[in-house]
Amino acid sequence: MSLNGRDSSYQSKSENGIPLHRIQGLILPLIFIVLWEILAIWVDNPALIPRLTAVLSVILHPFTELVGTGSLIWNTAVSLFRVMLGFAVAVVVCVPLGIFMGTSKFIHRLVNPLVELFRPLCPIAWIPFAMAVFKTTTVPQLFGIRYTDTILDSVQIGMVFIIFWGGLFPILLNTIHGVSGVRGLWIETAKVLGASKARMFWKVIIPAALPDIMTGLRVGLGISWMVIIAAEMLPGSDSGIGYLIMYSYELAEMQILVACMIVIGLMGFALNRGLQTVSNRVSSWKALER
Amino acid sequence: MRNLSIKGIQKQFFTPPDRQIIALDQIDLDVRGGEFISLIGPTGCGKTTLLRIIAGLEIPNSGEILLDGMPVDDLHRISTLVFQQYSLFPWCSVIENVMFPMEMKGIPKDERQNRAEEYIALVGLSGAEKAQPYELSGGMQQRVAIARALAHDPEVLLMDEPFGALDERTRHRLQNALLDIWKKKRKTIIFVTHNIDEAIYLADRIIVMTTEPGRIQEDVLVDLKRPRNRLDASFTELHLKVRNSLERTV
């Protein structure tokens, strides 16, 4: 009874006004924005700290041509496309490799030393190497096509390579962890219920390891996104949100630079949220299991 | 229904450093088709190992499993095992768990579904088809595990202390449910337990095993009409007899 009473009074309160916990997360960002604006007015130099109105106007006109590099949308799309391609390659390579390493001790012993050797190497350390080896060769050029007049012309192999390295270890290590952590009891249960090796793999090992694999994909995509920005800042690139940051710095167009940073943050957030939603759906049993 | 023969099963384990444990030493056991057998014995007597050998999860060092005198090449096909631990696949709903063994056999989906619903009804869980394992109590999870084992349609149903983790009331209720199912489906059941009361209540015969090396000490016939009354003089007499036999094993 008393619990019910408390509940209803809480309800009526929230009907009158917005409860505090709802807006709690907005308080600090708002303070940050206000402080930024005060600082911008005080410094009074748009080449150093741009006013928020200028930044907002860049974000609110995403189709406007910016400093001769294409629109904000276009540059974001180019970056996103590069990330998706490199990430896809990482998934296609690392998930099966992780499954093999997680299920076969032989393959694990064979591959693991190499993995441990490369693991401490930050993906960014590969950038100069990739630039030297792949130069500015695009993906269509790899197949002998000079120009396709599509977004593919902006996707350089070197960048795909860097993104691949960004996604590689989180995906690989989480997949190994997930697959080798499948409980013996489940495997024996499937055996005594007549599961063949192939069915055991698809119906027990994969679903049991899926929550960990999804965690790997989420972390991997996050790192891939971070790494592309760094890769695009290097000489030789001509588009992408990371390139736009560097280029607007050179032109002292700080409002574009800050707008790009906001877009990068929002995109990373959205990518993570998207995968989180998928992950929650396939992993709900793991969270609720006793 | 075929008779099961366990002939000269021997199983050794090696534990470092160079210690050899004879888990099972020349086990011979004949089980009539449709018979309910209880295996009882102290911890370490190899009753679980014997069950795992019949289930095809362990390979004996010597000896064989025969059905009507013929060697069995695929034990997973003729038998299945219900574990003591909760073994439902947590990513599958109740009905998906029960459909699992039928899926392994390639039975079409509609038929799987219908038969799974029947098995779920048989263990008294109609209406819980869509539930997830973690939403069920321990007793309900073991009911689903039994339904899933039945869906495999084994000739021999092996049970390794399946009610060991349950409280007494639930345990009694599941014992009655199991006897009911056994009457309807006429399976050969080998039931491992360390609970004398449970063994007498359920089984046609109780096999008492000794430890180090694991051997059959005594084969006790439970000549009591079902349903059995735990308060009957003949029940308690048998209880003492099995207890005595067990005391001698230690």
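Calculation notes
Residues numbered from 1 in each chain as written. Chains lettered and ligands numbered in written order. Predicted model: local features only at pLDDT ≥ 70, side-chain atom pairs only at ≥ 80, totals over all residues. Heavy atoms only, no water. Pairing = 2+ DSSP bridges. Helix = DSSP H or I, 4+ residues; strand = E, 2+ residues; numbered from the N terminus. Axes fitted to C-alpha atoms, helices over the stretch in contact; angles between N-to-C directions. Contact = heavy atoms within 4.5 Å. Buried area = accessible area lost by both parts, 1.4 Å probe. Salt bridge = Lys/Arg side-chain N within 4 Å of Asp/Glu carboxyl O. Core = buried A, V, L, I, M, F, W, Y, C linked by side-chain atoms within 4.5 Å. Buried < 20%, exposed > 50% of the residue type's maximum accessible area, 1.4 Å probe, protein only. Phe/Tyr/Trp six-rings, centres within 6.5 Å; stacked < 30°, edge-to-face > 60°. Lys NZ or Arg CZ within 6 Å of the ring centre and 35° of its normal. Parallel < 35°, antiparallel > 145°, perpendicular 65-115°, else oblique. Left-handed = near helix turned anticlockwise from the far one by under 90°.

Moving on, we get to the sheet that holds strand 10 (residues 215-221) of chain B. Remark on secondary structure: sheet strands pair via backbone hydrogen bonds, oriented parallel or antiparallel. Residue and element names in this part refer to chain B. Spatially, 6-7-8-3-9-10 is the arrangement adopted by the 6 strands of the open sheet, whose pairing is mixed. Here the strands that pair on one side only, and so sit at the sheet edges, are strand 6 (79-82) and strand 10. Taking the axes of each pair of neighbouring strands and ignoring which way they run, one obtains an average angle of 20 degrees across the sheet.

Here we take up the interface of chain A and chain B. On the chain B side, the residues contacting the 20 residues of chain A number 27 residues. Together, the buried faces of chain A and chain B total about 2100 Å²; carbon and sulfur atoms form 67% of this surface. The largest share of the area that chain A buries against chain B comes from L185, V192 and L193 of chain A, three residues that together contribute 32% of it. In this assembly, chain A and chain B are joined by 2 salt bridges. For E103 of chain B, the salt bridge is made with K203 of chain A, and the minimal N-O distance between the two is 2.8 Å. Contributions of two or more residues to the side of chain A that touches chain B are made by helix 9 (184-192), helix 10 (197-232) and helix 12 (254-288) of chain A. In terms of residues, the side of chain A that touches chain B owes the most to one element, helix 9 of chain A, which gives 7 residues.

Once that is clear, we can look at the nonpolar core. Among the nonpolar cores identified, the biggest contains 101 residues, and I6 and I190 of chain B are the most heavily contacted of them. Of all the elements, helix 10 of chain A adds the most residues to this core, at 16 residues. Residues in contact with I190 of chain B, not counting those within four places in the same chain, are L4, V31, I37, L39, L51, I54, V156, L157, L158 and M159 of chain B. Of all hydrophobic cores here, the second largest spans 50 residues; its members include V98, V123, A147 and A151 of chain B.

Turning our attention to the sheet that holds strand 2 (residues 19-31) of chain B. All names here are of chain B. An order of 2-1-4-5 is seen for the 4 strands of this open sheet, with the pairing classed as antiparallel. If you trace the sheet from one side to the other, it starts and ends with strand 2 and strand 5 (70-71), each paired once. The pairing of strand 4 (residues 62-67) with strand 5 spans 2 bridges and is antiparallel. What sits directly across from L67, in strand 5, is M70. Of the strands in this sheet, strand 1 (4-15), strand 2 and strand 4 touch helix 1 (residues 47-54), which is tilted by about 120 degrees from strand 1.

Glancing now at the packing of aromatic side chains. Across all of its chains, the model carries 21 aromatic pairs over all chains by this definition. On the numbers, 5.6 Å between centres and 80 degrees between planes, the contact of W126 of chain A with F161 of chain A is edge-to-face. In this pair, W126 of chain A is assigned in the loop between helix 5 (105-118) and helix 6 (127-134) and F161 of chain A in helix 8 (residues 157-180), connecting sequence segments 35 residues apart. For the pair formed by W126 of chain A and F161 of chain A, the shared burial category is buried. Plain terms: the ring middles of W186 of chain A and W91 of chain B are 5.1 Å apart, the flat faces sit at 90 degrees to each other, and that makes the pair edge-to-face. Taken together, the positions of W186 of chain A in helix 9 and W91 of chain B in the loop between strand 6 and helix 3 (94-104) put the pair across two chains. Ring-pair connections join several aromatic residues into one group, and the members of that group are F118, W126, F129, F134, F161, F164, W165 and F169 of chain A. One cation-aromatic arrangement involves R186 of chain B over W182 of chain B; the distance from NZ or CZ to the ring centre is 4.7 Å.

Residue and element names in this part refer to chain A. Helix 12 packs onto helix 3 (residues 52-60) with a crossing angle of 60 degrees between their chain directions and a minimal axis gap of 8 Å. Considered as vectors, helix 3 and helix 12 are oriented oblique to each other. The handedness of the crossing between helix 3 and helix 12 comes out as right-handed. From helix 3, A54, V55, V58 and I59 reach across to helix 12, where they touch Q255, I256, V258, A259 and I262.

Moving on to the pattern of salt bridges. Under the definition given, this model contains 21 salt bridges over all chains. Ionic pairing is found between E232 of chain A and R82 of chain A, a salt bridge with its closest N-O pair at 2.6 Å. Linking E232 of chain A in helix 10 with R82 of chain A in helix 4 (residues 72-103), this pair joins segments that are 150 residues apart in sequence. Taking relative accessible area as the criterion, E232 of chain A reaches 0% and is therefore assigned buried. The exposure class assigned to R82 of chain A is buried, which follows from its relative accessible area of 0%. Between E35 of chain B and R205 of chain B there is a salt bridge whose closest N-O contact spans 3.0 Å. Taken together, the residues E35 of chain B in the loop between strand 2 and strand 3 (36-40) and R205 of chain B in strand 9 (residues 205-210) connect sequence positions 170 residues apart. Residues E35 of chain B and R205 of chain B agree in their burial class; the two are buried.

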